[in-house]
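Structural description and commentary
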Amino acid sequence: MLFAPPNFSETRELFWIIYILILIPKFFAKVMSVRELFPFFKWGFNIRRSNFLVPILSNNVIVTGEEAVQYEKPLPYKDLPPQIQRNLEQKEYIIQNDNNNKNNNISTSPNLESTSTIPQITPESTPTLKSTKVPTKELSNLEILEKVEKGEILAYKLESELGDCTRAVEIRRLLLEKQLQKKLETLPYQQYDFGKVQGQCCENVIGYVPIPVGAAGPILLNGQMVTIPMATTEGCLVASTHRGCKAISESGGSRCSITSRGMTRAPVVRFSDIVKAAEFVNWINSPENYGTLKEVFDSTSRFARLSNIKCTVAGRSVYIRFKCDTGDAMGMNMVSKGVEAVLDLLKSLFDDMALLSVSGNMCTDKKPSSINWIEGRGRSVVCEALITGDVVQKVLKTSVQALVDLNIAKNLVGSAMAGSIGGFNAHASNIVTAVFLATGQDCAQNVESSNCITQMEACNDGQDLYMTVTMPSIEVGTVGGGTSLPAQASCLDIIGVRGSIAGKPGANADQLAKTICAAVMAGELSLMAALSAGHLMKSHLQLNRAKSPPSTN
Ligand SMILES: CC(C)(COP(=O)([O-])OP(=O)([O-])OC[C@H]1O[C@@H](n2cnc3c(N)ncnc32)[C@H](O)[C@@H]1OP(=O)([O-])[O-])[C@@H](O)C(=O)NCCC(=O)NCCSC(=O)C[C@@](C)(O)CC(=O)[O-]
Ligand SMILES: NC(=O)C1=CN([C@@H]2O[C@H](COP(=O)(O)OP(=O)(O)OC[C@H]3O[C@@H](n4cnc5c(N)ncnc54)[C@H](OP(=O)(O)O)[C@@H]3O)[C@@H](O)[C@H]2O)C=CC1
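Remember, predicted model here, so these are calculated numbers, not experimental data. (Residues numbered from 1 in each chain as written. Chains lettered and ligands numbered in written order. Predicted model: local features only at pLDDT ≥ 70, side-chain atom pairs only at ≥ 80, totals over all residues.)

1. Observations concerning the overall build of the protein
Helices and strands together make up the secondary structure of the protein, namely 19 helices and 13 strands. Considering the protein as a whole, with its 553 residues, one finds that 35% of them fall into the buried category. Here the contacts in the protein between residues at least 6 apart in sequence split such that 69% fall between residues at least 24 apart. (Helix = DSSP H or I, 4+ residues; strand = E, 2+ residues; numbered from the N terminus. Buried ≥ 20, exposed ≤ 12 C-beta atoms within 10 Å, placed from the backbone. Contact = placed C-beta atoms within 7 Å.)

Here it is in structure tokens:
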């Protein structure tokens with residue numbers, strides 16, 4: 001068999017004639033090897049490839065020479081390693097998608113990653129699916145996407161199916177982009193450890209929203225300088241808090257104390273009549289029985305410690321408000337876990353008791369209510385400072401008397417006239433929410449955590465300003481929830497309260513609550529000064545409505 005190419009053009013025709021004459025009998029005798037077709041591929045196509053009928057024995061397909069040259073996928077996907085299959089499919093998909101986009105007039109960013117393009121799966125473009133026995137993680141993204149669309153894989157279970165949180169996010173984004181017919185170009189997802197989110201902070205993850213974080217302060221708080229990280233998109237807020245910190249610190253600093261602590265959960269139970277309900281309340285109120293319930297409750301956690309149970313009756317229903325210390329955790333899971341254990345015991349003791357819900361809204365979690373304002377929830381904190389008259393004038397651009405008058409008219413009388421509950425302040429929620437966002441707190445609890453009364457008095461013959469901020473229900477933790485996410489943990493580090501201190505459970509969460517209260521005082525002072533001096537709108541137009549914001553790329 002000849003395998004060398006003819007060296008001279010005059011012998012070329014002779015070479016091909018001899019070659020074909022030898023090949024034909026071998027082909028019919030079925031003794032021909034694929035390697036014997038080598039001259040066809042190597043040199044034959046260069047001569048007259050479009051005219052050949054080339055039997056390609058591998059892959060069991062027959063194509064013309066023309067098709068053989070154009071055929072870019074030498075093997076079907078199923079015979080290739082999974083990673084190579086995926087790459088090929090992505091490549092094919094981008095080509096397909098680009099064509100579709102051109103047809104549909106949808107612009108495609110050249111910088112986009114393959115996973116950011118809108119899937120356009122059609123029967124023609126869909127590669128052959130492999131056998132269902134192949135583990136999901138070995139399928140390509142597009143194959144998995146197709147399975148999700150068919151309901152064979154649940155979109156929210158992608159993380160556990162794949163064992164790869166980032167890939168799960170990528171596939172979910174493909175799905176959403178296809179549904180919306182929009183690319184999620186500016187919703188980032190890369191360089192994020194979604195493993196820390198899984199089972200802890202969020203489900204159906206498609207990315208993350210970056211929020212700018214500013215640093216206010218430091219503020220002198222109980223003799224210590226503390227910097228306050230604030231995540232916000234409201235221009236002017238950090239500047240204002242920063243100014244308040246400066247005014248407080250230059251005047252000698254602030255003092256802050258915790259007056260009560262305890263997270264609450266109030267299940268609602270119902271009895272057949274009011275007599276049974278009353279018997280139940282009397283049983284709970286007996287100190288001996290309370291001891292038994294406390295033992296059960298406390299056994300559910302190393303840190304949660306029951307401190308109080310208060311029953312409220314409404315007809316034959318009873319709302320049992322449990323209050324407990326939760327160490328450095330905000331404590332909603334902890335308290336609910338302890339309450340469930342106690343309810344199990346109560347159900348076994350009171351046949352007639354029907355549990356309607358583990359939360360009966362007298363807790364009260366994430367809703368405005370008087371009970372948190374009056375009884376407290378989480379940490380009850382109070383903060384004071386004496387602002388010297390010269391600082392009021394120099395830093396805050398106002399006078400002591402103007403601040404005192406405005407505080408009465410706005411924060412006390414104005415809020416009373418509005419029928420406010422816990423809203424006797426100017427903007428406590430601004431600071432609470434910004435610090436909550438920065439430090440991984442449960443932001444919905446800004447509702448009750450922003451309960452605040454701001455009081456101002458002139459002192460030292462009207463020269464200086466004495467100010468207090470009272471916040472009865474700041475709900476914060478330095479462990480659990482979103483506090484372990486890297487960026488949020490880093491903000492806790494700025495305050496110096498990340499995690500917990502060995503042997504001192506609750507100390508870090510106490511310090512975080514105090515820091516928030518002091519920061520609220522700074523914000524109150526600065527905003528009240530701006531309002532009394534008529535500077536609010538001017539400052540917001542400067543810092544909240546920049547004409548041409550500088551962009552960084
Ligand atoms: C904006 C200021 C602070 C200017 O205040 P200023 O006194 O005109 O500015 P200044 O240039 O003289 O600076 C004084 C200090 O303010 C700080 N400061 C000044 N500028 C910056 C800046 N760019 N970035 C960071 N810090 C800044 C900084 O500490 C500075 O001192 P320095 O460090 O220079 O020695 C002031 O006008 C102010 O506090 N305005 C009030 C804004 C505010 O509190 N907004 C909150 C949101 S309002 C709202 O959402 C709720 C509302 C209003 O509806 C509630 C209600 O019903 O009352
Ligand atoms: N379940 C509900 O009804 C609600 C839940 N939430 C959510 O609950 C989460 C917060 O619940 P939370 O109970 O605070 O947190 P976790 O559910 O994370 O519980 C705290 C965990 O940290 C452990 N721990 C370690 N060190 C400490 C320490 N020093 N102090 C306290 N605990 C420590 C606790 O141990 P141990 O196991 O021994 O107790 C516990 O396992 C948030 O994600 C929030 O959004 C919000 C509102 C309602």
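So that's the structure; there's more coming.
2. What about the site of ligand 1?
Surveying the vicinity of ligand 1 reveals 19 residues, the closest of which are Ser 240, Arg 243, Leu 527, Ala 530 and Ser 539. Every element with two or more residues in the shell around ligand 1 is listed here: helix H8 (237-250), helix H18 (507-532) and helix H19 (536-543). Considering each element in turn, the shell around ligand 1 owes the most residues, six residues, to H8. A breakdown of the residues in the shell around ligand 1 according to their chemical character gives nine nonpolar, seven polar and three charged. (Near = placed C-beta within 6 Å. Nonpolar A, V, L, I, M, F, W, Y, C, P; charged D, E, K, R; others polar.)

3. Topic: the site of ligand 2
Near ligand 2 you find 22 residues, and of these Ser 301, Gly 327, Asn 333, Gly 480 and Gly 481 are the closest. When residues are assigned to domains, the shell around ligand 2 turns out to be shared by domain 3 (213-261 + 368-543) and domain 4 (267-357), each giving three or more. (Domains from an automatic or database assignment.)

4. Focus: helix H14 (residues 400-417)
The end-to-end C-alpha distance of H14, which contains 18 residues, comes to 24 Å, matching closely the 26 Å that a straight helix rising 1.5 Å per residue would cover. Considering bend angle alone, the principal kink of H14 is centred on Asn 407 and spans about 30°. Among all positions of H14, only Val 400, Leu 403, Val 404, Asn 407 and Asn 411 are buried. Tucked inside the fold, the buried residues of H14 contact helix H13 (389-394), strand E11 (423-424), strand E12 (452-459), strand E13 (464-474) and H18. Note on H14: the residue one or two positions beyond its end, Gly 419, has a positive phi of about 70°. (Expected span 1.5 Å × (residues − 1). Bend = angle between axes of the 7 residues up to and from the residue.)

5. Considerations on the packing of helix H5 (residues 141-150) against helix H7 (residues 165-180)
One can describe the packing of H5 onto H7 by two numbers: an axis separation of 10 Å at closest approach and a directional angle of 60°. Taken together, H5 and H7 sit at an angle that is classed as oblique. Seen along the crossing, H5 lies across H7 with a hand that is right-handed. Across the interface between the two elements, Asn 141, Ile 144, Leu 145 and Val 148 of H5 pack against Glu 170, Ile 171, Leu 174 and Leu 175 of H7. (Axes fitted to C-alpha atoms, helices over the stretch in contact; angles between N-to-C directions. Parallel < 35°, antiparallel > 145°, perpendicular 65-115°, else oblique. Left-handed = near helix turned anticlockwise from the far one by under 90°.)

6. With respect to the nonpolar core
Of all hydrophobic cores here, the largest spans 92 residues; its most connected members are Cys 517, Val 520 and Met 521. No other element matches H18, which puts 15 residues into this core. Each residue touching Met 521, except ones within four places of it in the same chain, is listed here: Ile 248, Ser 254, Cys 383, Ala 385, Met 467 and Val 469. Counting 12 residues, the second largest nonpolar core, distinct from the first, contains Leu 142, Ile 144, Val 148 and Leu 158. (Core = buried A, V, L, I, M, F, W, Y, C linked by C-beta atoms within 7 Å.)

7. Topic: the confidence of the model for the protein
Averaged over the protein, the pLDDT score is 85; the fraction of residues at 70 or greater is 78%. In this model residues 1-6 is a low-confidence stretch, pLDDT under 50, and it forms eight contacts with partners more than four residues away in sequence or in other chains. Taken as a whole, residues 121-131 scores under 50 in pLDDT and shows 13 contacts with residues more than four places along the chain or in a different chain. Both confidence scores are given for the complex: pTM 0.79, ipTM 0.87. (pLDDT = per-residue confidence, 0-100.)

8. What to know about the pairing of strand E8 (residues 317-325)
With seven of its nine residues buried, E8 lies for the most part within the structure. Where strand E7 (residues 305-314) meets E8, nine bridges bridge the pair, whose relative direction is antiparallel. In the strand pairing of E8, Lys 310 is matched with Arg 321. Here E7 folds back onto E8, and the loop between the two strands holds two residues, one of which, Gly 315, carries a positive phi near 65°. (Pairing = 2+ DSSP bridges.)

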